[in-house]
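An overview of the molecular structure
Spelled out, the chains give:
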Amino acid sequence: MHRIDQRFVELRRAGRKALCVYLCVGDPSLEASGFLALEAIDAGADMLELGVPFSDPTADGPTLARAAQRAIAAGATLERVLDVASRVRARSEVPLVLFTYYNPVLVAGEARVARLARAAGVDALLVVDLPPEEAAPLRGACAAEGLGVVPLVSPTSHAARIEAIRRASTPLDGAPRAFVYSISMTGVTGASPSDLAAAARDAEGMRRAFDRPVLVGFGIDSGASAKLAAGEATGGADGVVVGTALARHIEQAASGDEQRRAVRTFVSELRRALD
Amino acid sequence: MLFAGYFGPFGGRFVAETLVPALEELDRARQEVLPTQAFQAELHGLLQSYVGRPTPLTEAKRFARRIDPDGEAIAELLLKREDLCHTGAHKINNALGQLLLAKAMGKTRIIAETGAGQHGVATATAAALLGLSCEVYQGALDMERQAPNVARMRLLGARVVPVASGSRTLKDAMNEALRDWVTNVRTTYYCVGSAAGPHPYPTLVASLQRIIGDEARASCLDRGALPDAVVACVGGGSNAIGIFKAFEGDSSVSLYGVEAAGLGLETDKHAATLSRGRVGVLHGAKTYVLCDDAGQVIEAHSVSAGLDYPGVGPEHARLRDTGRATYVSATDTEALDAAREVARAEGIVIALETAHAFAALGPIARREAEARGRPARILVCLSGRGDKDLDTITAYGGGK
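Here's a quick rundown of the structure. (Residues numbered from 1 in each chain as written. Chains lettered and ligands numbered in written order. Predicted model: local features only at pLDDT ≥ 70, side-chain atom pairs only at ≥ 80, totals over all residues. Heavy atoms only, no water.)

**Comments concerning the sheet that holds strand E4 (residues 75-81) of chain B**
Residue and element names in this part refer to chain B. Taken in spatial order, the six strands line up as E3-E4-E14-E9-E10-E13 in an open sheet, and their pairing is mixed. The strands lining the two open edges of the sheet, one partner per strand, are strand E3 (57-59) and strand E13 (325-331). Strand-to-strand twist in this sheet, taken as the mean axis angle between neighbours without regard to direction, amounts to 30 degrees. Examined bridge by bridge, E4 and strand E14 (residues 376-382) share seven bridges and lie parallel to one another. Following the sheet pairing, Glu 76 is matched in E14 by Arg 377. Sitting on the sheet, helix H10 (residues 238-247) touches E4, strand E9 (229-233), strand E10 (254-262), E13 and E14, and the angle it makes with E9 is about 165 degrees. Contacts from helix H15 (residues 361-372) reach E4, E9, E10, E13 and E14 within the one sheet, and its direction differs from that of E14 by about 150 degrees. (Pairing = 2+ DSSP bridges. Helix = DSSP H or I, 4+ residues; strand = E, 2+ residues; numbered from the N terminus. Axes fitted to C-alpha atoms, helices over the stretch in contact; angles between N-to-C directions. Contact = heavy atoms within 4.5 Å.)

**Topic: the packing of helix H9 (residues 201-222) of chain B against H10(B)**
All names here are of chain B. Two numbers describe how H9 lies on H10: the axes approach to 6 Å, and their chain directions differ by 55 degrees. As the angle between them shows, H9 and H10 are arranged oblique. In the crossing of H9 with H10, the sense of the turn from one axis to the other is right-handed. Here H9 contributes Val 205, Ala 206, Gln 209, Arg 210, Ile 212, Gly 213, Asp 214, Ala 216 and Arg 217 to the contact with H10, which in turn contributes Ser 238, Asn 239, Ile 241, Gly 242, Ile 243, Lys 245, Ala 246 and Phe 247. (Parallel < 35°, antiparallel > 145°, perpendicular 65-115°, else oblique. Left-handed = near helix turned anticlockwise from the far one by under 90°.)

**Here's the deal with the pattern of salt bridges**
What the rule picks out here adds up to 54 salt bridges over all chains. The salt bridge partner of A:Glu251 is A:Arg70, with a shortest N-O separation of 2.7 Å. On the criterion of sequence distance, the pair formed by A:Glu251 in helix H11 (residues 244-252) and A:Arg70 in helix H3 (residues 62-73) is long-range, its members being 181 residues apart. With a relative accessible area of 26%, A:Glu251 lands in the partly exposed category. The residue B:Glu25 makes a salt bridge to B:Lys107 at a minimum N-O spacing of 3.6 Å. Linking B:Glu25 in helix H1 (residues 20-32) with B:Lys107 in the loop between helix H4 (91-104) and strand E5 (109-114), this pair joins segments that are 82 residues apart in sequence. Overlapping salt bridges bring together A:Arg3, A:Arg89, A:Glu93 and A:Asp123 as one network. (Salt bridge = Lys/Arg side-chain N within 4 Å of Asp/Glu carboxyl O. Buried < 20%, exposed > 50% of the residue type's maximum accessible area, 1.4 Å probe, protein only.)

**Regarding the packing of H3(A) against H11(A)**
Residues and elements named next belong to chain A. Closest axis-to-axis distance for the H3/H11 pair is 9 Å, and the angle between their directions is 55 degrees. In terms of orientation, H3 and H11 fall into the oblique class. Every pair of crossing elements has a handedness; the one defined by H3 and H11 is left-handed. When H3 is examined against H11, the residues Thr 63, Leu 64, Arg 66 and Arg 70 are found in contact with a partner set consisting of Thr 244, Ala 247, Arg 248 and Glu 251. Grouping the constituent residues of the contact of H3 with H11 by class yields two nonpolar, two polar and four charged. (Nonpolar A, V, L, I, M, F, W, Y, C, P; charged D, E, K, R; others polar.)

**Here's the deal with helix H1 (residues 3-14) of chain A**
Residue and element names in this part refer to chain A. Counted at 1.5 Å a residue, the expected span for H1 with its 12 residues is 16 Å, and the 17 Å between its end C-alpha atoms agrees. Looking at H1, one finds that the buried residues are Ile 4, Asp 5, Arg 7, Phe 8 and Leu 11. The arc that holds every buried residue of H1, seen down its axis, measures 155 degrees, which confines them to one face. Residues of H1 that are exposed and point more than 90 degrees away from the buried face comprise Arg 13 and Ala 14. Buried positions along H1 lie against strand E1 (18-24), strand E2 (47-51), strand E3 (96-100), strand E4 (124-127) and strand E8 (214-217). (Expected span 1.5 Å × (residues − 1). Arc of directions from axis to C-beta.)

**Quick notes on unusual backbone geometry**
Cis peptide bonds are those with omega within 30 degrees of zero, and the linkage from A:Asp27 to A:Pro28 qualifies with 5 degrees. Note on placement: A:Pro28 falls in the loop between E1 and helix H2 (30-42). Put simply, B:His199 and B:Pro200 share a cis peptide bond, and its omega is 15 degrees. As for its placement among the helices and strands, B:Pro200 is situated in the loop between strand E8 (188-191) and H9. Positive phi is not limited to glycine here, since A:Ala178 has a value of about 55 degrees. Residue placement: A:Ala178 occurs in the loop between helix H8 (159-169) and strand E7 (180-183). We classify A:Ala178 as buried; its relative accessible area is 2%. Although it is not a glycine, B:His283 adopts a positive phi angle of roughly 50 degrees. Mapped onto the elements, B:His283 comes out in the loop between strand E11 (278-282) and strand E12 (285-289). Residue class for B:His283 comes out buried when judged on its relative accessible area of 7%.

**Section: the pairing of E5(B)**
All names here are of chain B. A large share of E5 lies buried, amounting to six of its six residues. Residues of E5 alternate between two faces, with Arg 109, Ile 111 and Glu 113 on one and Ile 110, Ala 112 and Thr 114 on the opposite face, all of them buried. Taken together, the six bridges between E5 and strand E6 (residues 133-139) define a ladder with parallel strand orientation. Looking at the pairing, Ala 112 lines up with Val 136 of E6. Once the chain exits E5 it traverses helix H5 (residues 118-130) before rejoining the sheet at E6, and the crossover so formed is right-handed. (Right-handed = clockwise from strand over helix to strand, strands pointing away.)

Honestly, it's all geometry; don't read function into it.
Right, dumping it as structure tokens:
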């Protein structure tokens, strides 16, 4: 079984919610991101989204846009993010999801990116500005390497749209089932928390529609909001994704040591709240 | 296969999932409301009584002699006078059309992005006329260099939101408008200013701007013949696609788009996306983009805030690759010189965007005249007037 699917089976068996942590790789440096990723895993992250910084991140709020600018200035590129992924993979078996905008993938070439991602130990790609109707070439390239492509749903996705997403994102042969990313609100990353309890209920409906695990993201900035977004122990979402709040902790820390402590403390808080 | 939203391999809809249903809704309205007789009657009524359409063709005899080094008239120049539209540029055609559509869709809040401010002014104007609230995102640098338009937008009741990120120009204003739209998508209509962005915007904007070409083509035929060449400046490319569309099927007519070469194509300070870009995805469409090997978008440069954009409408990408249109470029200096020459020869102060099209006329006229063995008949889209650029032109010495 694929690593990412295996992890969801284990979590379900243990009756636990998944904690997926997003890191903008290269912020503050490529080397530091590798350490911060391992710190997050040690503190209880079940899964990592490794972010490829992009110059024009239209789906991100100011915090992640600043993180991306710092990362680009620090020399982060899609290939260097994959180098960091392979260093993390050498130390851990947690599922790794490469998070990116589409342009860096298109410019590098989809088949090449899929090949490099597999070699780096990545399990799936999440491309935030690639609706499933446009994703066929990437899905094919990824399936050929045994990688998944994660679909997103939003509060604006009406029933017919959800069905269209489901059809267009059904995992291809050789690809993992992975998960569905459910956006908790209309807005950019880092916006104020909305009705996360409702997001958890929506996620439950989404799991039935897709018959795949569903993670809720956007607006989760504390243990309490993580718990809300995850929902009931026996229902709700399969887990949560936390990104902006962690980037803010990293941004505010004064030194490398402090960044590592901040990541450890915050991820531990999220873990305790979910368990 | 050419399917909805694609021009050959270009176009599409590359946006966050939250926006897909809004784009579907807009596309339905475009197909169901736009063609109705009631909508067209209202739009064309306003274009006549409010905008001042049809705009005339003006023959530019004195400037025609100046573009030839020997002072010979190597071309007959016809100017399509979009500068005579209310608000001073072709942008009003698109803004009125989209805001009428927004109103039909029940939207009450309008957002827009602007570079030079002409699209912002046009949107603020249409919003005032139709009683809609309006916010315009503009790069902080562009707000400085286009201060008169900022004042006009505010006078018209729009809120102008400065964008301080990135290059502080059009690209960043568009990023910010998209973020606003993702957040307020249920109540808000995003009025895109060029034939760029995700489907259906390139098609919608081109259909609203096509009136430029339709009128010009009819006027040329009234004067006796189709032009040999049609020339227009290209940033996002809405005035160019608007005039090109009417002539695309006329195989005898050459189409020329003129991009901003900034400090020169050999430098990294230009906005010549079709000449120096590569295929990428920016602001929702697959098209030519100025970006580096890692896929990061490169900041464009042009003396003209309206051309300072690292992408281009996807239909131009197809016209370039199929060879139906030819894309050339003019530098900042050439455009500033052309603006001064046109003012002195014809008594018309043209926008710096438009000045790029005029700056390229010499080589185009020679090429067309040689190919045809006679002076060429050239139609130029005079997309807008230059009041907003007076400070820039004066600083350069154009007022001397």
